[in-house]
Amino acid sequence: MKKAQTFHLTEVTDAPTRKEFLTLPVKLYAQDKNWSHPLDNDIREILDPNRNKLLAHGESQCWILKDDTGETVGRIAAFYEEESSDQNEQPTGGVGFFECIDNKDAAFMLFDTGKEWLKERGMEAMDGPVSLGMRDSFWGCLVDGFHEPVYNMPYNLPYYRELFEAYGFQDYFQQHTYWRKFEPGGLHPAIRRRADYLLSQPEYQVKMIEKGNKQFAYDFKEIYNKAWAEFNGIKGLTDKEAMELLKSMAPIMDERLVYFAYHNEQPIGFFVMMPDIGQIIRRFKGKWNRWNKLRFLYHLKMAKSIDRVIGRIFGVVPEFQGKGVEGAMVIAFEKEAMKPSFPYKTLELNWIGDFNPVMMKVAEFIGGKIYKTHITYRYLFDRTKEFKRAPKVNMPKRKPATTSS
């Protein structure tokens with residue numbers, strides 16, 4: 001009779017265990033040509049309380065899992081942040097950066113560890129695989145469309161879905177990535193007519209962003225806080241946070257990829273795209289040293305090695321949705337994209353949640369087709385409690401029923 005394999009957990013507390021945590025994927029994905037090594041520094045920044053300000057009111061812990069030969073075969077991180085955890089029906093933390101061999105005993109030991117750690121800190125549920133910060137980085141389990149990932153979008157082995165679901169995680173929401181080529185005719189005719197009409201009205205205007213103009217940061221904050229406020233777990237931005245976000249984007253920003261819409265000079269929508277720097281960073285094997293920084297600048301500015309664009313975020317304030325604002329921004333972008341000097345060939349619109357059917361429809365109308373699907377799972381610690389999927393947002397408000405006397 002074959003002896004059962006045994007596994008041993010080790011907390012990540014020092015340089016050797018941190019190295020094991022970061023390098024495990026290199027072994028797991030050695031035969032997968034689509035996998036792209038994220039920058040180690042990007043992961044450290046999320047999990048380090050000295051660098052991630054969300055951890056000022058939260059906590060994180062990482063573990064590695066070794067087999068009985070001493071080989072590292074799994075890893076996981078658990079974390080919570082007070083403000084976002086309390087925005088759920090029950091206090092909810094997260095587990096992420098999960099990697100594991102195809103073994104349920106190993107995976108379940110990692111999930112159990114994250115669960116118990118979160119329970120000790122007052123959590124009643126955990127989402128996974130997620131991150132601690134913006135949802136466009138390291139968020140969700142890839143279940144369909146195992147193509148080369150764009151910068152910091154999660155890519156995992158196909159059997160991860162089975163491991164999460166076998167443990168008892170349930171589909172809280174799905175995030176779709178839409179793909180399209182840059183070619184004329186992608187915009188749905190009805191959307192184009194509505195957008196053309198809107199652009200003929202003097203009170204509406206679409207602007208390309210201007211680097212160095214701080215007003216766009218404040219406009220972004222205003223739109224973001226109105227357009228995303230309905231969804232649980234998303235906090236509004238402050239002026240300072242919006243300015244920091246704009247500053248962080250500036251080194252790789254291409255002005256031709258960022259558009260804002262206005263009504264009577266009030267900001268009502270944005271369409272923010274970025275060059276996919278993942279096409280460069282995948283060459284660096286996770287290292288962000290001085291040499292690779294120089295290589296990065298060469299490929300970005302001189303060799304122009306990027307031909308793919310990421311749709312980072314697309315938002316319209318609720319009262320202006322469905323009026324042609326979305327199409328108007330796409331039309332403004334198309335004018336740039338059709339120029340011979342435009343260097344990009346394809347667009348991936350990331351992170352369109354199935355809780356937002358309006359934005360899914362918009363992605364379809366601008367010519368996008370679902371290319372990848374990730375799932376964000378939730379696990380309720382009280383297994384008798386009713387599971388509820390993420391509530392839908394941007395749904396038309398129903399008028400209350402009236403009764404006649």
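The structure under discussion appears in the preceding block.
Our subject in this report is the structure included herewith. (Residues numbered from 1 in each chain as written. Predicted model: local features only at pLDDT ≥ 70, side-chain atom pairs only at ≥ 80, totals over all residues. Heavy atoms only, no water.)

Inspection of every chain in the model, using the stated rule, returns 25 salt bridges. Taking the shortest distance from any N to any O, the salt bridge between Lys385 and Glu89 comes out at 3.5 Å. Residue Lys385 is located in the segment after strand S13 (369-380), and its partner Glu89 is located in the loop between helix H3 (82-85) and strand S4 (92-100); the two are separated by 296 residues in the primary sequence. For Lys385, a relative accessible area of 33% gives the class partly exposed. With a closest N to O distance of 3.3 Å, Lys226 and Glu222 form a salt bridge. In this pair, Lys226 and Glu222 are both assigned in helix H7 (residues 215-227), four residues apart and thus about one turn of the helix distant. For Lys226, a relative accessible area of 40% translates into the label partly exposed. Taking relative accessible area as the criterion, Glu222 reaches 26% and is therefore assigned partly exposed. (Salt bridge = Lys/Arg side-chain N within 4 Å of Asp/Glu carboxyl O. Helix = DSSP H or I, 4+ residues; strand = E, 2+ residues; numbered from the N terminus. Buried < 20%, exposed > 50% of the residue type's maximum accessible area, 1.4 Å probe, protein only.)

This part is about the layout of surface pockets. Taken as a whole, the second largest pocket spans an internal volume of roughly 350 Å³. Around the second largest pocket, the lining comprises 16 residues; the ones closest to its centre are Val12, Arg18, Leu47, Asp48 and Cys62. With five residues, the single largest contributor to the lining of the second largest pocket is strand S2 (residues 58-67). Classifying every residue of the lining of the second largest pocket gives eight nonpolar, four polar and four charged. (1 Å grid on protein atoms, 1.4 Å probe; cavity = no way out; pocket = protein on both sides within 12 Å on 5 of 7 lines; lining within 4 Å. Points joined across faces, edges and corners; volume = space filled by probe spheres on them. Nonpolar A, V, L, I, M, F, W, Y, C, P; charged D, E, K, R; others polar.)

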